[in-house]
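Coordinate inspection notes
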Amino acid sequence: MRRAIHFVGPCVLVACATSGPTEAPYPGAASGSSTGSRGAGGSGSVRASGSAGSTGSGAGSGNSSGSDNSGASGTSNSGASSGSTGASGASSGSTGSSGSSGSSGSSGSGSSGSSGSPAGGGGNSPSAQYLPKVTGTCPMMAGANGSMLTFAGEPVQTWAGTATGKGSVVMYWYYTGGNSTNVLSEFGQAQIDAVVAGGGVVASFAKSKGTGTNTGDFVWYTDDFLTADEVVACAIDQLHIDTRRIFTTGGSAGALQAAWMSYSRSGYIAAAAPISGGVVAPPPVQDPSNVPAAMATHGAMGSDVVVIDFAQASATWEADVKKRGGFAMDCNTGGGHIGGPPQICPAIWQFFQDHPFKVSPQPYPPIPSVFPSYCKIM
C-alpha cells in the first residue's frame, strides 16, 4: 500500500491514502515584437539586423516596429530576422530607430521598445524553443471568468482575456487538501485581473491525473504537466499569448510542483514563484540552456516544516538555480508554513513581468518597491 505524506498546516499526518486533510493556509486572506526593416533606397539590398527582442518591461506594449525612410525607388521589406518579442515597455515603447535612406539602401536598426521600466526590468529576451502543440480540442478560453474548462481531459479553473498578442500565462497548483480556488488568495484577484486585462490566462489546476512521477507530496505528478502543456498550447492558438511570458506558482504541495515544473518545462517556463516549496533533489532539466528565474517565498528555518523543512528545500532550489547560471530571489517571511500572501502577491506578479524567458540583462537590482523588505537577491 502506498504511503502518502500530507501537509496539514504545522502538523504532520502520514496515512495510507493519496488524499488528506486540508492544509492550514496563511493567516489572512508585451510584447515589443520588432521586425528590423531594411533601407528602401535604391536596391535596398542591405538587411537590418532585427533586434532580438525589445528592452524594458512593465505595463506598456512596446510593440513598435523599426521604421525606415523610403528612398527614391525601393520599398521597405521586413528584416532578415524578426526580433523575437521582448518585454513590454513602461509606456508604449519608443519606436525603433529609422533605417537610413539613400541610394545604397543602408540598413535600419529596427530595434524597438523603450528601455525604461518602472521596475527596471526587461532586456533582450528570445522566444521559448519547446512550445507545446495542441493535442485535443481546446475549449473556448477568451472571456472565461473563473470557468471550469477541460484541457487534456482534466478540469482547470480558468480566467482569460481576449487576444492581444502580448498576454501572459500564469499557472497555479494548490496545496494538499486545497482546491483550484486557492489561487484567489495565493496569487490574488487583483493580479488575476491584471493578467486578464493584458490578454493573458490564469489557469488553476483542479485535479491531478495521478500518474507519472510524484513530485514530492503524492498530490501532484509529472503527467499533470501534460495538462499544463495543453493550457499553454491552447492559449497560444486562441489568444496568441506572448510565448516569452509563461509562469508558474503554487503553495506547499503545489509549490513543490511549481519548482519541479521549472526544471521539467524549462523549455518554455520563464519564471517560477512557489510559496513554501523548492526541491529536495533537482529533477532533470528539459532545456539546459534555460534556467527559469526563481522566486522562493518561505518561512523561517525550523518553522516552515511539514515533513520537510521548506526553508531548506527553497535554499536547495535557489542554490541549484544559481549553480546553473540562473537568477534567484529569496523571500523569507520569518514565519511559518505558506506565509507571505496577501502581501507577497503583487511582488510575485511584478517578478513575472520583469522576468520573461531568458531575460538579459537581469533587471534586478534594484529590487522594485512592491517587494516586501524581507526579499533578497541570492
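Computed from a predicted model, the values in this text were never measured in an experiment. (Residues numbered from 1 in each chain as written. Predicted model: local features only at pLDDT ≥ 70, side-chain atom pairs only at ≥ 80, totals over all residues. Heavy atoms only, no water.)

Here the focus is the overall build of the protein chain. Looking only at helices and strands, one finds five helices and 15 strands in the protein chain. Out of the 378 residues belonging to the protein chain, those deemed buried represent 56%. Total accessible area on the protein chain is roughly 13,500 Å²; 54% of this is exposed by carbon and sulfur atoms. (Helix = DSSP H or I, 4+ residues; strand = E, 2+ residues; numbered from the N terminus. Buried < 20%, exposed > 50% of the residue type's maximum accessible area, 1.4 Å probe, protein only. Areas by Shrake-Rupley, 256 points an atom, 1.4 Å probe, with all protein chains shown as cover.)

Once that is clear, we can look at the nonpolar core. The biggest cluster of nonpolar side chains holds 63 residues, and the ones touching the most others in it are M171, F187, Y268, M295, F351 and F352. Among the elements that line this core, the one with the most residues is helix α2 (residues 224-239), at seven residues. Ranked by size, the runner-up nonpolar core spans 10 residues in total, among them Y263, A272, V279 and V321. (Core = buried A, V, L, I, M, F, W, Y, C linked by side-chain atoms within 4.5 Å.)

What describes a pair of aromatic rings is the distance from one ring centre to the other and the angle between the planes of the rings. The tally for this structure, following the rule as stated, stands at 10 aromatic pairs. Here the aromatic rings of F327 and F351 are separated by 6.3 Å at their centres, their planes lie at 25°, and the arrangement is stacked. Of this pair, F327 sits in the loop between α4 (310-323) and β14 (328-332) while F351 sits in helix α5 (residues 345-354), and the two are 24 residues apart along the sequence. As far as burial versus exposure is concerned, F327 and F351 are alike and both buried. (Phe/Tyr/Trp six-rings, centres within 6.5 Å; stacked < 30°, edge-to-face > 60°.)

With that out of the way, let us pick up the sheet that holds β14. What the nine strands build is an open sheet, ordered β5-β6-β8-β7-β9-β10-β11-β14-β15; its pairing is mixed. Only two strands of the sheet have a single partner each, and these edge strands are β5 (145-151) and β15 (375-377). Each strand axis lies, on average, 20° off the axis of its neighbour in the sheet, ignoring direction. Here three bridges tie strand β10 (residues 271-275) to strand β11 (residues 293-298), and the two strands are oriented parallel to one another. Bridging from a neighbouring strand, A271 pairs with A293 of β11. Each of β10, β11 and β14 touches α4; the most contacted strand, β11, lies at about 165° to it. Strand contacts of α5: β7 (169-173), β9 (246-251), β10, β11 and β14, with the helix running at about 165° to β10, the strand carrying the most contacts. (Pairing = 2+ DSSP bridges. Axes fitted to C-alpha atoms, helices over the stretch in contact; angles between N-to-C directions. Contact = heavy atoms within 4.5 Å.)

For the coordinates displayed, the defined rule picks out seven salt bridges. Here K207 and E154 are joined by a salt bridge, their closest N and O atoms 3.2 Å apart. Taken as a pair, K207 in the loop between β8 (201-205) and α2 and E154 in strand β6 (residues 154-160) lie far apart in primary sequence, 53 residues in all. For K207, a relative accessible area of 44% puts it in the partly exposed group. Note that R265 is salt-bridged to D229, the shortest N-O span being 2.9 Å. Here D229 lies in helix α2 and R265 lies in the loop between α3 (253-264) and β10, a separation of 36 residues in the sequence. Given the relative accessible area of 15%, D229 is considered buried. It is possible to trace a salt-bridge network through shared partners that takes in E154, K207 and K209. (Salt bridge = Lys/Arg side-chain N within 4 Å of Asp/Glu carboxyl O.)

Another aspect to go through is the state of the cysteines. Counted according to the given criterion, the structure contains two disulfides. Residue pairing for C138: its cysteine sulfur links by disulfide to C234, the two sulfurs lying 2.0 Å apart. Note on the C138 and C234 pair: the S-S dihedral is about -85°, so by sign convention the disulfide is left-handed. On the criterion of sequence distance, the pair formed by C138 in the loop between β4 (78-82) and β5 and C234 in helix α2 is long-range, its members being 96 residues apart. (Disulfide = S-S within 2.5 Å.)

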